[in-house]
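Each chain, letter by letter, is given below.
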Amino acid sequence: MSTEKIETKPNKKERELEEISEKIKQSRLKIEDIIIPLSVTLALILLTFLLFIPMIKSTIEARTEIVEIKEREEQLKELEAKLKRLDEDVLQSDLSNAKEVIPRNLRVSTFVYYIDVLAGEKRLVSRSLSATDTEVTIRQEGKNRDDDRTYLGVSSPLTYSGSLENILSFLDALDTASPYIISIHNVSLRGSEESWRVTMSVRGYYVPEHESKVDLYDSFKEYTEKKEVLEIFREKKERLRK
């Protein structure tokens, strides 16, 4: 009795199952499949922080700077227009007047001389005379201390005696007696019917020569707006010429 070996071939359905099984095996998640996309993602994040964000920041800063430059350009144009309105000859004349009535240096005898002459004309007798250097700081309302302005001067306490009528006439004319810029403080008047005494402190101002920095972007006001001050300078300069 012979035995025959029968070979069976896989049918169509079995082959399909094998193919599906093989595809499932191939589609299983591997470590390599995670590392590569993750590395790419991290690289993109790093590029974003290292390149794109600084570029965006630089762009914003550049735009802000352009706006500031345009604003400063407008300020300079406005300043130029205001300066062109000033008459150069008048400017030089006003500057000369100011330099003479507010000198670079001031001696006590220089500005007290005119006051003493006025006192003599009013028949007053001098009782005391002394002087000290002084500084006056003026704070502008609404501004910081860095914007305070300091002026140098010479302060001289003066005492005169005479009749009440002559003292009052002296005080009335005192403000215009000196061709220099002065201020009067602490006026005290005492006496009786026969004799009166007036005590005061007179301060003369000067501006020493020094270099100063000019901020072209600071607020600019035309000096010609102070017409009353310019007129005082002109009058006092005329007194110096006499």
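For the structure, check the block above.
Numbers given to residues run from 1 along each chain, matching the order in which its sequence is written. Reporting of local features is limited, given that this is a predicted model, to residues whose pLDDT is at least 70; pairs of side-chain atoms are given and counted only at 80 or more, and all residues count toward the totals for whole chains, interfaces and linings. To obtain the side-chain values, all non-hydrogen atoms of the structure were used and water was disregarded.

### With respect to the overall build of the protein
A tally of regular secondary structure across the protein gives six helices and five strands. A run of H or I in DSSP counts as a helix once it spans at least four residues, and a run of E counts as a strand once it spans at least two, with each numbered from the N terminus. The order of helices and strands in the protein, counted from the N terminus, is α-α-α-α-β-β-β-α-β-β-α. A buried classification covers 21% of the 242 residues belonging to the protein. By definition, residues are in contact when any of their heavy atoms lie within 4.5 Å. Counting only contacts in the protein whose residues sit at least 6 apart along the sequence, the fraction spanning at least 24 positions is 71%. Working definition: with a 1.4 Å probe on protein chains only, accessible area under 20% of the residue-type maximum means buried, over 50% means exposed, and in between means partly exposed.

### Observations regarding the packing of helix α4 (residues 108-121) against helix α5 (residues 164-174)
Across the interface, α4 lies against α5 with an axial gap of 9 Å and an inter-helix angle of 145°. In this structure, α4 crosses over α5, and the sense of that crossing is right-handed. Residues Ile 115, Leu 118 and Ala 119 of α4 lie in contact with α5, whose contacting residues are Phe 170, Ala 173 and Leu 174. The axes are straight lines fitted to the C-alpha atoms, using for helices just the contacting stretch, and the angles between their N-to-C directions are given from 0 to 180°. Note: crossing handedness is left-handed where the near helix turns anticlockwise from the far helix by less than a right angle, and right-handed where it turns clockwise.

### Some points on unusual backbone geometry
If you check the backbone angles, Arg 123 has positive phi at about 60° while not being a glycine. By secondary structure assignment, the location of Arg 123 is in the loop between α4 and β1 (125-129). If you check the backbone angles, Asn 186 has positive phi at about 50° while not being a glycine.

### Considerations on the nonpolar core
Residues belong to a common nonpolar core when they are buried Ala, Val, Leu, Ile, Met, Phe, Trp, Tyr or Cys residues joined through side-chain atoms within 4.5 Å. Phe 111, Ile 115, Leu 158, Tyr 160, Phe 170, Met 200 and Val 202 are the most contacted members of the largest nonpolar core, which totals 21 residues. Listing elements by their share of this core, those giving two or more residues are α4, β3 (149-162), α5 and β5 (196-206). If we ignore the near neighbours within four places in the chain, the residues touching Ile 115 are Leu 158, Tyr 160, Phe 170, Leu 174, Ile 182 and Val 202. Counting six residues, the second-largest nonpolar core is a separate cluster that includes Ala 98, Ile 181, Tyr 205 and Phe 233.

### Notes on the pattern of salt bridges
Between side chains of opposite charge, a pair can form when the charged atoms approach closely. Salt bridges are counted wherever a side-chain nitrogen of Lys or Arg sits within 4 Å of a carboxyl oxygen of Asp or Glu. If you walk through the whole model with that rule in mind, you get seven salt bridges. Two residues, Arg 85 and Glu 222, come together in a salt bridge whose shortest N-O distance is 2.7 Å. Note that Arg 85 is positioned in helix α2 (residues 31-85) and Glu 222 in the loop between β5 and α6 (227-241), a separation of 137 residues in sequence. Of the residues examined, Arg 85 reaches a relative accessible area of 54% and is grouped as exposed. On the accessibility criterion, Glu 222 (17% relative accessible area) is buried. Ionic contacts of the salt-bridge type, sharing partners, join the residues Asp 94, Glu 231 and Arg 234 into one network.

### Here we look at helix α3 (residues 88-101)
Look at α3: 20 Å from first C-alpha to last across 14 residues, which is about the 20 Å you get at 1.5 Å a residue. Within α3, burial applies to Asp 94, Asn 97, Ala 98 and Val 101. An end-on view of α3 places all buried positions within 95° of arc, on one side of the element. Exposed side chains of α3 directed beyond 90 degrees from the buried face belong to Glu 88 and Asp 89. Close packing links the buried residues of α3 with α6. What a helix is expected to span follows from its residue count: subtract one and scale by 1.5 Å. What the arc describes is the spread of directions from the helix axis to the C-beta atoms.

### Focus: the side chain of Arg 203
Tracing the backbone through its elements, the reader meets Arg 203 in strand β5. Among residues more than four places away in sequence, those in contact with Arg 203 are Phe 111, Thr 134, Val 136, Val 154, Ser 155, Ile 181, Ile 182, Ser 183 and His 185.

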